[in-house]
Amino acid sequence: MTSIKFQEKTVREHLSILNNFGIPSVEIRALPSQNTNKKICSKIFLTSDPEKVVGFISQKKLEFGTVYTTFNEFDPEGINKGESLRDSQITNVRFFI
């Protein structure tokens with residue numbers, strides 16, 4: 001099976017588009033098939049700081065893994081560091097069609 005390495009430029013463009021649409025933050029998730037701890041790896045980032053997302057992907061060695069974003073609204077006060085968002089923490093669901 002051929003793996004495709006993530007494209008830093010595409011990540012920056014993706015976050016810029018979300019930021020331009022008024023989405024201040026995203027949850028970056030990586031599925032366990034490629035990350036080292038065999039759990040979903042997740043972290044919240046500001047869309048205005050794409051370099052931190054690129055750094056996170058590189059630092060966690062997720063360049064060839066399945067990485068995606070969620071951009072639902074959530075209450076930042078209810079977020080536990082290092083944990084994925086739970087449905088109960090989401091205050092508004094957003095979709096792109």
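Remember, predicted model here, so these are calculated numbers, not experimental data. (Residues numbered from 1 in each chain as written. Predicted model: local features only at pLDDT ≥ 70, side-chain atom pairs only at ≥ 80, totals over all residues. Heavy atoms only, no water.)

Student: So what about the overall build of the protein chain? Which residues, and what values?
Tutor: Broken down by element type, the protein chain carries two helices and five strands. Listing every helix and strand of the protein chain by position from the N terminus yields α-β-β-α-β-β-β. The buried share among the 97 residues of the protein chain stands at 30%. Residue pairs at least 24 apart in sequence account for 53% of intrachain contacts in the protein chain once pairs closer than 6 positions are excluded. A total accessible area of about 6,800 Å² is found for the protein chain, and carbon and sulfur atoms account for 53% of it. (Helix = DSSP H or I, 4+ residues; strand = E, 2+ residues; numbered from the N terminus. Buried < 20%, exposed > 50% of the residue type's maximum accessible area, 1.4 Å probe, protein only. Contact = heavy atoms within 4.5 Å. Areas by Shrake-Rupley, 256 points an atom, 1.4 Å probe, with all protein chains shown as cover.)

Student: Quick rundown of the pattern of salt bridges? Include the residues and the values.
Tutor: Summed over the entire model, instances satisfying the criterion amount to five salt bridges. Ionic pairing is found between R12 and E8, a salt bridge with its closest N-O pair at 3.2 Å. Here R12 and its partner E8 are both found in helix 1 (residues 8-20), four residues apart, which amounts to about one turn of the helix. Between K52 and D49 there is a salt bridge, and its shortest N-O distance comes to 3.8 Å. By relative accessible area, K52 is classed as exposed at 54%. Each of E8, R12 and E51 takes part in salt bridges that share partners, so that together they form one network. (Salt bridge = Lys/Arg side-chain N within 4 Å of Asp/Glu carboxyl O.)

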